[in-house]
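# Structural overview
Listed below, chain by chain, are the residues.
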Amino acid sequence: QVQLVESGGGLAHAGGSLSLSCAASGTIFEYETMAWYRQAAGRQRELVARILDDGTTNYADAVKGRFTISRDNAKSTIYLQMNSLRPEDTAVYYCQRPKGYYAGKYLALEYWGQGTQVTVSS
């Protein structure tokens, strides 16, 4: 069974930093795209960053230049380094394995972690 386990959420002051981790199991991790999403209270869930199996990254405009997504295939783990945090970054952050074509197979299920709360104070 696929499982995504997140860690690293917490409280930071504006301008501070936090680092999130998401450990995957039951996946062909090194072949898979992974992503971070977030959902603030009263807001839609939004894509924060995505990293492909080859290391290519994409970022939401709101976090470009401040957040960095990375992966360690040996540990089947992705990370989100969050710098220059702002109060508007406050949200529940979710790790995602999208559905898609991986290693020549279409994997029709997407998987989500349970989320980790990030709170940034003014």
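All figures in this text were calculated on a predicted structure; none of them were measured in a lab. Along each chain, numbering runs from 1 in the same order as the chain's sequence is written. A pLDDT threshold of at least 70 governs which residues receive local features in this predicted model, and a stricter bar of 80 or more applies before side-chain atom pairs are shown or counted, although totals over entire chains, interfaces and linings include all residues. Note that the side-chain values use all heavy atoms of the structure and ignore hydrogens as well as water.

Further remarks concern the packing of aromatic side chains. Two rings from Phe, Tyr or Trp (for Trp, the six-membered ring) form a pair when their centres are within 6.5 Å of each other. A pair whose planes differ by under 30 degrees is stacked, one over 60 is edge-to-face, and the rest are tilted. For the structure on display, the rule yields 3 aromatic pairs. Ring centres 4.8 Å apart and planes at 55° place the aromatic pair Tyr101 and Tyr106 in the tilted group. Residue burial is assigned from relative accessible area. The probe radius is 1.4 Å, only protein chains are included, and a residue is buried under 20% of its type maximum, exposed over 50%, and partly exposed in between. We classify Tyr106 as partly exposed; its relative accessible area is 44%. Joined through ring pairs, the aromatic side chains of Tyr37, Tyr94 and Trp112 make up one cluster.

Here we take up unusual backbone geometry. Positive phi is not limited to glycine here, since Ser84 has a value of about 50°. Elements are defined by DSSP. Helices are runs of H or I of four residues or more, strands are runs of E of two residues or more, and each kind is numbered from the N terminus. Within the element layout of this structure, Ser84 appears in the loop between strand E8 (77-82) and strand E9 (91-97). At Ala103, a residue that is not glycine, the phi angle is positive and equals roughly 50°. Along the chain, the position of Ala103 falls in the loop between strand E10 (100-102) and strand E11 (105-107).

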